[in-house]
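# Tertiary structure, described
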Amino acid sequence: MNFCARFRLLTVLACGMLAAQFGSVAPARAGGGPENVFVVANQRSWASLAIAHHFVALRNIPAINVLYLDWPYSTDKVDVGVFRDKLLLPILGAISQRGIAPQIDYVVYSSDFPWSIDFKTMLGKQQPPAQFAPVGSLTSLTFFAQAVMGNDFRFVAQNSNHYLRRADKEHAGNPSQGFRGWYGFDEAGKLVEGGGVSYVLSTMLGVTSNNGMSPEEVIANLKRSAAADGTKPPGTIYFCRTGDKDRSGIREPQFKAAIAALKELGVRAEVVSGILPMGKKDVAGLLTGKRNFDWKGSHSEILPGAICENLTSWGGKFDYNDGQQRLTDFLRAGAAGSSGAVFEPYAIYLKFPEAYTQVHYARGCTLAEAFYQGVASPYQLIVVGDPLCRPWANIPKVTVEGVRAGAKLKGTVILRPAGEVDDKPLDRFELFINGVQITHCAASGTLEFDSTQLPDGAAELRVVGIEGSSIETQGRVILPVTIANHDHKIELTCSATDRANWKEPFKLTAKAPDATKITFFDSMRSLGTLTADHGEIEVKPEDLGLGPVSIYARAQFSEDPKDAVLSAPITLSIEPSAPLPPRKLRPGSKLANGLQFKAESGPLLPVPATNERAWLEDTKVKSDESFVLAAIFDVPTTGVYQFELKHVGSLTLKIDGQSVYDAKQKEPLWNYLPLALQAGFHQFELRGNGGQPDGLEVRFGNSGVTDLDGKQFRHPDRGK
């Protein structure tokens, strides 16, 4: 069975499971909302968890739509087999098992996942031309999940994206199209509900490894983007004529049609000569093309929600500094989203977003919809930013009669939804309960469900209203209620109040009379289970990750899943501990660049940097010999920093004399160590053994996490 058939089967099975409980269920008919987004966080990385937690809270993503995945592999590049087996399959499996396949249109990655996927094994003995190298991006190979799972590498073709919507000769362009994961598209781009090629919209929320951004910068950007929805930014979209024929030059013929279409929408747009718009405080969107630029030197300002694009070879390649501008420079300056190639794309403009991307966005599409409607061959393009940002959307207003917030519900419940946008009634409504789509109705219909098929206790009703255009913009109302059919009760308390220090464990206490089991959850992640009707567990906040978390308990009374009760959620903000104070250097101390290495029986050696995998081998340390790597490192600003370690055998890391890592591994897996540090100098000491068959890799940083080098890590200069 090919993947297309398998995915559609999973959708049918998921619909069947829901229908067994609630009657007829149609597949979700509108993309672009939190119920349609599946968020994936790297459970090992505090940065990934913190970013995911904030995005989930900002966008009201249902708990059932969040996956905490243990990812111990590279955050740079992986083989397509690892991507398929260790990332894509677990994601698709979780979506299916949770019964939400019909409604998921987006797979969104937090940080600390690999941005580059090597798929040469898919080609066998075939050798493509150099300009179609078998290296793709995380987000695009997720977009092409159907092809990847079917081992079909035709997604490298220049017309592989049939969701593309391009301008026509009259400058009006094809109608922008709202996205649904269960739709198919034929080779002409026509929407078909049976057959065709299916896709999955995908972005990364941020890049925090290598030459990326800090988690704080990513989170600040997500907050700006969420606040931009529906604001109709009163700015200008700029198209830059840079004089670089291989970059901006190949897209300049598109400018006229895009500007004409934008002006028809009432959105200002203009062409400017130069690499960047200069002194403009109203940048609502930007398309340029140059190897590098100086954004600060432009004295321009990016408005919240803007898509900013630069066509250059390696805007999405983060593992070393080759002098080309990275997409994160636009994000750091305030853009909601940007993209870049993860491998040399050559001057093939079809691999980059066209000017019409800005038109789809200005028509009200989400950021992810706009990007993927605007690029013909995206396989090497990584898209980073808030996928749901929609500054120009006309967001429907939705109301509901029949249930109010806080109501206790029994038996059959009937909701009467209503809504409008631009004084026009909405086209249809959908009902989600605890994040799962249950039923739908036309504009004048009712939403009905049998509450006896649900567990007792806290529940969340979401009524989503969808307008009738091809974009299908959504609005919603969210109603917290209590299901009270079987008189089951549960009490959940937490020893922490609204905040918890990540180094100070707290206790969760639950009581549910006559229950056989009580399980505590953070989203869908189990925190612990009691085999009694009351008791407590201890939780380590550092396991949860920084940021806002929502914890709840579920008590079970029999084997019947419905014979249960859910507690109301407890929301906590997990915050870092007090930062370690800096160390004072002795008066007159002189420092040399790099680190110092000392094997058990060898001399003291300088290590300029750890950016070569063979750096440990170069020291000639024996496989059974212990060693210490030491340095003094400089922290420029107070904040939360991260060490990343990949090793085999025993390894101990001390910072300022405090042990922050002590473990033994049989496999070379990555580990993430967050540290709150004050600005100034700190001591680094790493102890291990020479038996590192796959090399010892050590990284550190805040605004990007990179190999240790002589710019930041130094040692006492004993020769002076």
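Residues numbered from 1 in each chain as written. Predicted model: local features only at pLDDT ≥ 70, side-chain atom pairs only at ≥ 80, totals over all residues. Heavy atoms only, no water.

## Overview of the overall build of the protein
Within the protein, the regular secondary structure consists of 13 helices and 43 strands. For 720 residues, the compact-globule estimate of 2.2 N^0.38 gives 27 Å, and the C-alpha radius of gyration of the protein, at 27 Å, lies within 12% of that figure. Oriented by its inertia axes, the alpha-carbon framework of the protein measures out at about 85 × 70 × 50 Å. Pairs at least 24 apart in sequence give 72% of the contacts found in the protein among residues at least 6 apart. Total accessible area on the protein is roughly 28,400 Å²; 51% of this is exposed by carbon and sulfur atoms. Across the protein, the mean location of the 75 positive side-chain charges is 4 Å away from that of the 77 negative side-chain charges. (Helix = DSSP H or I, 4+ residues; strand = E, 2+ residues; numbered from the N terminus. Rg over C-alpha atoms; globule rule 2.2 N^0.38 Å. Contact = heavy atoms within 4.5 Å. Areas by Shrake-Rupley, 256 points an atom, 1.4 Å probe, with all protein chains shown as cover. Lys, Arg positive; Asp, Glu negative; His and termini not counted. Charge placed at Lys NZ, Arg CZ, Asp CG, Glu CD.)

## Observations concerning the layout of surface pockets
As a volume, the largest pocket reaches approximately 1,500 Å³. Lining the largest pocket are 48 residues, with A63, I64, N434, G435 and Y552 sitting closest to its centre. Breaking the lining of the largest pocket down by element, the ones donating at least two residues are helix 1 (3-22), helix 2 (46-59), strand 2 (66-69), strand 21 (436-442), strand 23 (456-466), strand 24 (474-483), strand 28 (517-522) and strand 31 (547-556). The leading source of residues in the lining of the largest pocket is strand 31, at five residues. A class-by-class count of the residues in the lining of the largest pocket yields 30 nonpolar, twelve polar and six charged. Empty space within the second largest pocket amounts to approximately 1,100 Å³. N210, R699, V705, T706 and D707 are, among the 42 residues lining the second largest pocket, the residues nearest its centre. (1 Å grid on protein atoms, 1.4 Å probe; cavity = no way out; pocket = protein on both sides within 12 Å on 5 of 7 lines; lining within 4 Å. Points joined across faces, edges and corners; volume = space filled by probe spheres on them. Nonpolar A, V, L, I, M, F, W, Y, C, P; charged D, E, K, R; others polar.)

## Quick word on helix 7 (residues 255-264)
Within helix 7 the residues assigned to the buried category are F255, A257, A258, I259, A261 and L262. One or two residues past the end of helix 7 sits G266, with phi positive at roughly 80°. (Buried < 20%, exposed > 50% of the residue type's maximum accessible area, 1.4 Å probe, protein only.)

## Some thoughts on the sheet that holds strand 27 (residues 506-511)
Read across the sheet, three strands follow the order 25-27-30 without closing on themselves; strand pairing throughout is antiparallel. Taken across any chain shown, the strands that pair with only one partner, and hence form the sheet edges, are strand 25 (491-494) and strand 30 (534-539). Sheet twist, expressed as the mean angle between neighbouring strand axes with direction ignored, is 15°. Note that strand 25 and strand 27 share four bridges and pair antiparallel. Each bridged residue has a counterpart across the sheet, and for T493 the counterpart in strand 27 is T509. (Pairing = 2+ DSSP bridges. Axes fitted to C-alpha atoms, helices over the stretch in contact; angles between N-to-C directions.)

## Comments concerning the environment of V267
Residue placement: V267 occurs in the loop between helix 7 and strand 11 (268-273). V267 sits in the buried class, given a relative accessible area of 7%. The spatial distance from the C-alpha of V267 to the C-alpha of T236 is 7.0 Å, given a sequence separation of 31 residues. Not counting residues within four places of it along the chain, the set of residues in contact with V267 comprises I237, L262, A362 and W392.

## Observations regarding the pattern of salt bridges
If you walk through the whole model with that rule in mind, you get 32 salt bridges. With a shortest N-O distance of 3.6 Å, K317 and D319 are connected by a salt bridge. K317 sits in the buried class, given a relative accessible area of 10%. With a shortest N-O distance of 3.9 Å, E644 and R699 are connected by a salt bridge. Of this pair, E644 sits in strand 38 (residues 639-655) while R699 sits in strand 41 (residues 697-702), and the two are 55 residues apart along the sequence. (Salt bridge = Lys/Arg side-chain N within 4 Å of Asp/Glu carboxyl O.)

## Describing the packing of aromatic side chains
Throughout the structure, instances matching the rule amount to 32 aromatic pairs. Where W295 meets F330, the ring centres are 6.1 Å apart and the plane angle is 75°; that geometry is what we call edge-to-face. Within this pair, whereas W295 is found in helix 8 (residues 295-298), its partner F330 is found in helix 9 (residues 328-332), the two being separated by 35 residues in sequence. Here the aromatic residues F119, F143, F144, F155, Y163, F179, F185, Y199, Y372 and Y379 are joined through ring pairs into a cluster of three or more. Here K317 stacks its cationic end above the ring of W314, 5.9 Å away from the centre of that ring. Over the aromatic face of Y68 sits the side chain of R525, whose NZ or CZ is 3.8 Å from the ring centroid. (Phe/Tyr/Trp six-rings, centres within 6.5 Å; stacked < 30°, edge-to-face > 60°. Lys NZ or Arg CZ within 6 Å of the ring centre and 35° of its normal.)

## Focus on the nonpolar core
Core analysis: the largest hydrophobic core is formed by 175 residues, its most contacted members being F83, Y109, F155, F239, L461 and F506. For F506, the contacting residues outside a window of four places in its chain are C494, S495, A496, A500, I537, E538, V539, P541, L544, I551, L572 and I574. Counting residues in each nonpolar core, the second largest holds 30 residues, with W615, V635, Y641 and Y661 among its members. (Core = buried A, V, L, I, M, F, W, Y, C linked by side-chain atoms within 4.5 Å.)

## Re the side chain of T357
Summarising the element assignment, T357 is placed in helix 10 (residues 357-362). Not counting the four nearest positions on each side in its chain, T357 is found in contact with I307, A370, F371 and G374.

## Observations concerning the pairing of strand 24
Note: strand 17 (residues 408-409) against strand 24, two bridges, orientation parallel. Following the sheet pairing, L409 is matched in strand 24 by I483. Summarising the sheet, strand 23 and strand 24 pair through ten bridges and their orientation is antiparallel. Each residue of the ladder has a partner; that of L461, found in strand 24, is L479.

## Some details on the packing of helix 2 against helix 6 (residues 215-227)
In contact at an axis separation of 10 Å, helix 2 and helix 6 are set at 10° when each is read in the N-to-C sense. Relative to helix 6, helix 2 is oriented roughly parallel. Our pair here, helix 2 against helix 6, has a crossing hand that is right-handed. Between helix 2 and helix 6, the residues in contact are W46, A47, A50, I51, H54, F55, L58 and R59 and P215, V218, I219, L222, K223, S225 and A226, respectively. Considered class by class, the residues forming the contact of helix 2 with helix 6 number eleven nonpolar, two polar and two charged. (Parallel < 35°, antiparallel > 145°, perpendicular 65-115°, else oblique. Left-handed = near helix turned anticlockwise from the far one by under 90°.)

## Here's the deal with the sheet that holds strand 6 (residues 135-137)
In a beta sheet, neighbouring strands are held together by backbone hydrogen bonds and run either parallel or antiparallel to one another. Spatial strand order, 3-5-6: three strands in an open sheet with mixed pairing. Since the sheet does not close on itself, it has two edges, and those belong to strand 3 (77-79) and strand 6, each with one partner. Geometrically, the sheet is characterised by an average inter-axis angle of 30° between neighbouring strands, direction not taken into account. Sheet analysis places strand 3 next to strand 5 (residues 116-118), joined by three bridges and oriented parallel. Bridged to K77 within strand 5 is S116.

## Focus: the confidence of the model for the protein
Low pLDDT marks stretches whose predicted atomic positions should not be read closely. A residue-level look at the protein finds 94% of positions with pLDDT of 70 or above and a mean pLDDT of 90. Counting contacts from residues 1-30, a segment whose pLDDT is below 50, to residues more than four positions away or on other chains yields 73 contacts. (pLDDT = per-residue confidence, 0-100.)

## Remarks on the state of the cysteines
Each disulfide is one covalent bond, formed between the sulfur atoms of two cysteines. Per the stated rule, a full pass over the model turns up zero disulfides. A disulfide-free cysteine, C365 has its sulfur positioned 13 Å from the sulfur of C389, the nearest such atom. Unpaired in this structure, C389 has its nearest cysteine sulfur neighbour in C308, at a distance of 11 Å. (Disulfide = S-S within 2.5 Å.)

## Let's talk about helix 2
Between its first and last C-alpha atoms helix 2 spans 20 Å; for 14 residues at 1.5 Å apiece the expected length is 20 Å, and the two agree. The element helix 2 is largely enclosed, with a buried count of twelve among its 14 residues. Residues W46, A47, S48, L49, A50, I51, A52, H53, H54, F55, V56 and R59 constitute the buried set of helix 2. Two or three places before A47, at the start of helix 2, stands the capping residue S45, its side-chain oxygen 3.3 Å from that residue's backbone nitrogen. After helix 2 finishes, the residue N60 shows a positive phi value of roughly 55°. (Expected span 1.5 Å × (residues − 1). Polar contact = N/O pair within 3.5 Å; in protein donor to acceptor, adjacent residues only side chain to side chain.)

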